[in-house]
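# Breakdown of the fold
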Amino acid sequence: MDNSPGTLRTILEAARIVAFTGAGISAESGIPTFRGPNGLWRSFSPEKLASPEAFADDPRLVWEWYDWRRQIIHKAQPNPGHRALAEMEGRAVGRFTLVTQNVDGLHDRAGSRNIVKLHGDIWQVRCTACAVQEQNDQVPMDPLPPRCRCGALLRPAVVWFGEALPADAWGRALEAAAQAQVFLVIGTSATVYPAAGLVQVARKSGARVAVVNPDPTPADQLAEWVLRGAAGDILPRLL
Ligand code: BJW
Ligand code: ZN
């Protein structure tokens, strides 16, 4: 099998493409990833903060983490990696799906349109008691933790450990993975399930898998192309 980057480039011109992204694609925009040298916030691991138990224990602490991240994201700009994926979609309208684990909204800001958000949106808040879910762009958040009109606590509308992914997003992602001819795994440690399982779904359904990451990941074993480096360098060169 010819697994040169040139072949991948040729295939991208015609195939049904899924790009599956994680925190690494936003690293070059200055947004910390979850796991890795800059992944810790005040020595808490994401597993300790991104959970319903942590929020029940100390909603203010969890909100402080989200408020800190919202401030960073608010100042950040999409980078060449985000923009390359938007451009790829522009050249492949109707055959391109972007499935992201990110909650930062940078793909939207870069111009991507067909986006499936598996883990929610950091700019949406949801009431812990009533049905309210709404956009909230306040930076910094005040008061902290924020409250709903009904008096109950608001929470970020994101998916925490132990919570189900939004059913519609998960359904769309599974379908796109099963139909993909090329599946690009970009900037994710591919360790958090069920999202990481999409790589297996795509592979089993016959997709050719390419990984873009400076470091090894479990997805490398399923990949025909492992492109070592930063997404902001490699993705523009694939166009
Ligand atoms: C670059 C780069 C550059 C750097 N360019 N690359 C086994 C044991 C225990 C638990 C489980 C288990 N199997 C499954 C589970 C459950 C759990 C899980 O997967 N745990 C594992 C950690 C083991 N999963 C869940 O709980 C999920 N829900 C679930 O299973 O529900 C079951 C259920 C069903 C029905 C009803 C009820 C329940 C939910 C998972 C939710 C994850 N949520 C988070 C937080 C989202 C909100 C927020 O942002 O705060 O999602 S956690 C965090 O991890 C976030 C991310 O989306 C996700 C993945 O991280 P990602 O994006 O891969 O980032 P990193 O930091 O890990 O990797 C960055 C990569 O970038 C690295 O590889 C770098 O090398 C690379 N990189 N610079 C390109 N320039
Ligand atoms: Zn409410």
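Numbers given to residues run from 1 along each chain, matching the order in which its sequence is written. Naming scheme: in the order in which they are written, chains are lettered from A and ligands are numbered from 1. With the structure being a predicted model, the display of local features is reserved for residues of pLDDT at least 70 and the display and counting of side-chain atom pairs for 80 or more, all residues being used for whole-chain, interface and lining totals. Derived side-chain values reflect all non-hydrogen atoms in the structure, with water molecules and hydrogen atoms excluded from consideration.

### Quick look at the coordination of the zinc ion (ligand 2)
Any two of four tetrahedral donors ideally make an angle of 109.5 degrees at the metal, while pairs among six octahedral donors ideally make 90 or 180 degrees. Metal coordination here is assigned from N, O and S atoms located within 2.8 Å of the ion, or within 3.2 Å for Na, K and Ca; omission of water means that sites may look incomplete. Around the zinc ion (ligand 2), the protein contributes the donor atoms Cys127 (SG), Cys130 (SG), Cys148 (SG) and Cys150 (SG), which lie 2.2 to 2.4 Å from the metal centre. Sites are called tetrahedral only when four donors show all angles between 85 and 135 degrees, square planar or octahedral only when four or six donors show opposite pairs over 155 degrees and all other angles between 65 and 115, and irregular in any remaining case. Around the zinc ion (ligand 2), the 4 donor atoms are arranged such that angles at the metal cover 104 to 121 degrees; this shape is classified as tetrahedral. Mapped onto the polypeptide sequence, the residues donating to the zinc ion (ligand 2) form the spacing pattern C-x2-C-x17-C-x1-C. The class for Cys150 is partly exposed, based on a relative accessible area of 47%. Only protein chains enter the area calculation, which uses a 1.4 Å probe; residues under 20% of their type maximum are buried, those over 50% are exposed, and those in between are partly exposed.

### Structural notes on the sheet that holds strand β9 (residues 225-227)
Pairing within the open sheet is parallel, and its 6 strands lie in the order β3-β2-β1-β7-β8-β9. In this open sheet, the two strands that pair with only one neighbour each are β3 (115-117) and β9. On average, adjacent strands in this sheet sit at an angle of 15 degrees to one another, irrespective of strand direction. Each pair of strands is called paired provided DSSP finds at least two bridges between the two strands. The secondary structure listing takes helices from DSSP runs of H or I that are at least 4 residues long and strands from runs of E that are at least 2 residues long, numbered from the N terminus. Alignment of strand β1 (residues 17-21) against strand β2 (residues 96-100), held across 5 bridges, turns out to be parallel. What sits directly across from Phe20, in β2, is Val99. Throughout, a residue-residue contact means that at least one pair of heavy atoms, one from each residue, lies within 4.5 Å. In this analysis an axis means a line fitted to C-alpha atoms, helices contributing only their contacting stretch, and an angle means the value between N-to-C directions, from 0 to 180 degrees. Across the sheet, helix α8 (residues 167-179) lies against β1, β2, β3 and β7 (182-186), angled at about 125 degrees from β3, the strand it touches most. Running at roughly 160 degrees to β7, helix α9 (residues 197-204) makes contact with β1, β2, β7 and β8 (208-212) of the sheet.

### A closer look at the side chain of Asp220
Of note, Asp220 is situated in the loop between β8 and β9. Side chain to side chain, Asp220 and Arg228 meet in a polar contact 2.8 Å long. For Asp220, the contacting residues outside a window of four places in its chain are Val211, Asp215, Val226 and Arg228. Polar contact is defined as a pair of N or O atoms within 3.5 Å, subject to the rule that within protein one atom must be able to donate a hydrogen and the other to accept it, and that residues adjacent in sequence are counted only when both atoms are side-chain atoms.

### Considering the site of ligand 1
Neighbouring residues are identified by heavy atoms, a residue being near a molecule or strand if any of them is within 4 Å of it. With respect to spatial proximity, 33 residues lie near ligand 1, and among them Tyr66, Arg69, Gly162, Thr188 and Ser189 are the closest. At 2.7 Å, a backbone N or O of Gly162 approaches an oxygen atom of ligand 1. Between a nitrogen atom of ligand 1 and a main-chain N or O atom of Ala231, the distance comes to 3.0 Å. Per-residue and other accessible areas were derived by the Shrake-Rupley procedure at a 1.4 Å probe size, with only the shown protein chains allowed to occlude residues. About the coverage of ligand 1: the protein hides 73% of its 1,500 Å² of free accessible area. Put simply, the parts of the chain that give the shell around ligand 1 at least two residues each are α2 (24-27) and α5 (59-75). Of the residues forming the shell around ligand 1, the biggest block, 3 residues, is contributed by α5. Throughout this entry, Asp, Glu, Lys and Arg are counted as charged residues, while Ala, Val, Leu, Ile, Met, Phe, Trp, Tyr, Cys and Pro are counted as nonpolar. The remaining residues, Gly among them, count as polar. Among the residues making up the shell around ligand 1, the classes are represented as 17 nonpolar, 11 polar and 5 charged. The source of the domain bounds is an automatic or database domain assignment. Three or more residues apiece are contributed to the shell around ligand 1 by two domains, here domain 1 (1-30 + 78-119 + 165-239) and domain 2 (32-75 + 122-158).

### Let's talk about the packing of α8 against α9
Pairs of packed helices are described in terms of their axes, by the angle between the two and the distance that separates them. Where α8 meets α9, the axes come as close as 7 Å, and the angle between the chain directions of the two elements is 35 degrees. Taken together, the residues of α9 that come into contact with α8 (itself represented by Trp170, Ala173, Leu174, Ala177 and Ala178) are Leu198, Val201 and Ala202. Residue composition of the contact of α8 with α9, by class: 8 nonpolar, no polar and no charged.

### A look at the sheet that holds strand β6 (residues 154-158)
If you walk across this open sheet you meet the 3 strands as β5-β4-β6, and the pairing is antiparallel. At either margin of the open sheet sits one strand with a lone partner, and together these are β5 (133-135) and β6. Averaged over all pairs of adjacent strands, the angle between strand axes in this sheet comes to 40 degrees, irrespective of strand direction.

### Here's the deal with unusual backbone geometry
Each neighbour pair has its own omega, and for Val139 with Pro140 the value is -5 degrees, a cis peptide bond. Residue position: Pro140 is located in the loop between β5 and β6. Leu144 connects to Pro145 through a cis peptide bond whose omega is 0 degrees. Structurally, Pro145 is set in the loop between β5 and β6. Not every positive phi belongs to a glycine, and Arg42 is a case in point at roughly 45 degrees. Here Arg42 lies in the loop between α2 and α3 (46-49). In the Ramachandran plot, Ser43 falls in the positive-phi region, its phi being about 65 degrees despite a non-glycine side chain. Along the chain, Ser43 falls in the loop between α2 and α3.

Purely geometric stuff here, so don't read any function into it on its own.
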